[in-house]
Amino acid sequence: MSVPQEYFEAGRIASEVRNNIRKTVRPGMSILEICNTVENAVRSRGGKPAFPCNVSRNSVAAHYTADIADQSVLHDGDVVKIDMGVHISGYLVDTAVTVCFNSAYDDLTQATETALTEGIKLVKEGARAGEIGRVIESVAERWGFRPISNLCGHSIEPYRVHAGLSIPNAWMPGTRDLKAGSVYAIEPFLTSRESFGEVDEGKARNIYSLLARKSSGDKAADLFAEKIWNEYRTLPFAPRYWSNEYSKAELQIILNKLLAKKIVRVYPELVEPAGKIVAQFEHSIALTEEGPFVLT
Ligand code: MN
Ligand code: MN
């Protein structure tokens, strides 16, 4: 089975946008500005955001995106993860970079990027996902850090960011094998050796996705769910996407109704509970019949 061409185009767009934001992001920029810059750059290149741009600072490992009228600003001394996705007709890629504005965490940042590079070297037909985790863990240990073991890389399928196969960030028995014709994301998250090495859910809840298409019994909520389906299918979205049509309070009421009926799910921010700094890098890789190709 060959890898559809759309993945390669989505990858070119994602890589260009990620490289640009990596060079231009600065303390003083607001999180909302970073999200808008990335998402607009994706659209202007002919792609669509596969999920809201995640801008997760310091001990927030993942899943923070700007809220409606978000006032938070990137500070000098922050370690920021920018995680973004691009799709073309549902064929999506997922990539992330850490930008470090605190020299005390340059090592952590470099170690995490090295772990990604070393992990990617293992991608081939029949490779065991757990072996990639083993390599990521050993790079982390060599640099004096620890991987976050409850965050994983994953296979990618059309309109599904996290498809069936997980690629762990530490050795794990019983994982599945990589197969040609598939697309995978590898995404090491590293943190301090003093950390327990797991993240918990935090308070911010700004990312949702549609789980089911059924009536909630509420007209406004059903109409909103239909809009999500038409625009985003099952891909994650942010309430701020709808801020021209609904107030923040209206959106929260609708989303709570849809959550209660399990029509949407929420992705809360994920936080290192001891407040340790977390770094992340991510690439999407097509495993073609000719071998691996880094899409992003
Ligand atoms: Mn990602
Ligand atoms: Mn991912």
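The structure under discussion appears in the preceding block.
Residues numbered from 1 in each chain as written. Chains lettered and ligands numbered in written order. Predicted model: local features only at pLDDT ≥ 70, side-chain atom pairs only at ≥ 80, totals over all residues. Heavy atoms only, no water.

Points about the overall build of the protein chain
- Per the secondary structure count, the protein chain includes six helices and 17 strands.
- Computed over the C-alpha atoms, the radius of gyration of the protein chain is 19 Å, within 12% of the 19 Å expected from 2.2 N^0.38 for a compact globule of 296 residues.
- Per-residue burial over the protein chain gives 56% buried out of 296 residues.
- Nonlocal contacts in the protein chain, meaning residues at least 24 apart in sequence, comprise 75% of its contacts between residues at least 6 apart.
- With the model as given, the accessible surface of the protein chain reaches about 13000 Å², and the carbon-plus-sulfur share is 49%.
- Treating the 34 positive side-chain charges of the protein chain as one cloud and the 37 negative ones as another, the clouds have centres 3 Å apart. (Helix = DSSP H or I, 4+ residues; strand = E, 2+ residues; numbered from the N terminus. Rg over C-alpha atoms; globule rule 2.2 N^0.38 Å. Buried < 20%, exposed > 50% of the residue type's maximum accessible area, 1.4 Å probe, protein only. Contact = heavy atoms within 4.5 Å. Areas by Shrake-Rupley, 256 points an atom, 1.4 Å probe, with all protein chains shown as cover. Lys, Arg positive; Asp, Glu negative; His and termini not counted. Charge placed at Lys NZ, Arg CZ, Asp CG, Glu CD.)

Quick look at the coordination of the manganese ion (ligand 1)
- For the manganese ion (ligand 1), every protein donor is listed as Asp83 (OD), Asp83 (OD), Asp94 (OD) and Glu282 (OE), and the spread of their distances is 2.1 to 2.3 Å.
- In this model, the manganese ion (ligand 1) sits 3.2 Å from the manganese ion (ligand 2), the two metals being bridged by aspartate 94. Taken together, the residues span a long stretch of sequence, with aspartate 83 in strand E4 (residues 79–88) and glutamate 282 in the loop between strand E15 (278–280) and strand E16 (283–288) at a distance of 199 residues. (Donors = N, O, S within 2.8 Å, 3.2 Å for Na, K, Ca; no water.)

Some thoughts on the coordination of the manganese ion (ligand 2)
- Taken together, Asp94 (OD), His154 (NE2), Glu187 (OE) and Glu282 (OE) make up the protein donors of the manganese ion (ligand 2), found 2.1 to 2.2 Å from the metal.
- On the primary sequence, the residues serving as donors to the manganese ion (ligand 2) are separated as D-x59-H-x32-E-x94-E.

Examining the sheet that holds strand E10 (residues 189–192)
- Judged by pairing direction, the sheet is antiparallel, and its three strands sit side by side in the order E6-E10-E15 without closing on themselves. Sheet topology places strand E6 (145–147) and E15 at the edges, where each strand pairs with a single neighbour. Sheet twist, expressed as the mean angle between neighbouring strand axes with direction ignored, is 30 degrees.
- Pairing geometry for E10 and E15, over three bridges, is antiparallel. What sits directly across from phenylalanine 189, in E15, is glutamine 280.
- Against the sheet, helix H3 (residues 106–120) makes contact with E6, E10 and E15, and its axis sits at roughly 35 degrees relative to E15, the strand it touches most. (Pairing = 2+ DSSP bridges. Axes fitted to C-alpha atoms, helices over the stretch in contact; angles between N-to-C directions.)

Here we look at H3
- The end-to-end C-alpha distance of H3, which contains 15 residues, comes to 21 Å, matching closely the 21 Å that a straight helix rising 1.5 Å per residue would cover.
- Within the span of H3, buried status applies to Leu108, Thr109, Ala111, Thr112, Ala115, Leu116, Gly119 and Ile120. (Expected span 1.5 Å × (residues − 1).)

Things to note about the sheet that holds strand E11 (residues 200–201)
- Sheet architecture is open: three strands sit in the order E3-E14-E11, paired in antiparallel fashion. At either end of the open sheet lies a strand with only one pairing partner, and these are strand E3 (60–62) and E11.

Quick notes on the pattern of salt bridges
- The final tally for this structure, using the stated rule, is 13 salt bridges.
- Ionic pairing is found between aspartate 218 and lysine 257, a salt bridge with its closest N-O pair at 2.8 Å. A residue pair is termed long-range when its members are at least 10 positions apart, and aspartate 218 in the loop between strand E12 (208–210) and helix H5 (219–232) and lysine 257 in helix H6 (residues 248–260) qualify at 39 residues.
- Judged by relative accessible area, lysine 257 falls into the partly exposed class, the value being 36%. (Salt bridge = Lys/Arg side-chain N within 4 Å of Asp/Glu carboxyl O.)

Points about helix H2 (residues 31–44)
- Its 14 residues give H2 an end-to-end C-alpha distance of 20 Å, which sits within 8% of 20 Å, the value for a rise of 1.5 Å per residue.
- Those residues of H2 lying buried are Ile31, Ile34, Cys35, Val38, Glu39, Ala41 and Val42. When H2 is viewed along its axis, its buried side chains cluster within an angular range of 155 degrees and face the same direction.
- Tucked into the core, H2 has its buried residues touching helix H1 (5–24), strand E1 (48–49), strand E2 (54–57) and E4.
- One or two residues past the end of H2 sits glycine 46, with phi positive at roughly 95 degrees. (Arc of directions from axis to C-beta.)

Details of the state of the cysteines
- Counted according to the given criterion, the structure contains zero disulfides.
- Free cysteine: cysteine 35, not disulfide-bonded; nearest cysteine sulfur from cysteine 53 at 4.6 Å.
- On the accessibility criterion, cysteine 35 (0% relative accessible area) is buried.
- Cysteine 100 forms no disulfide, and the closest cysteine sulfur to it belongs to cysteine 53, at a distance of 18 Å. (Disulfide = S-S within 2.5 Å.)

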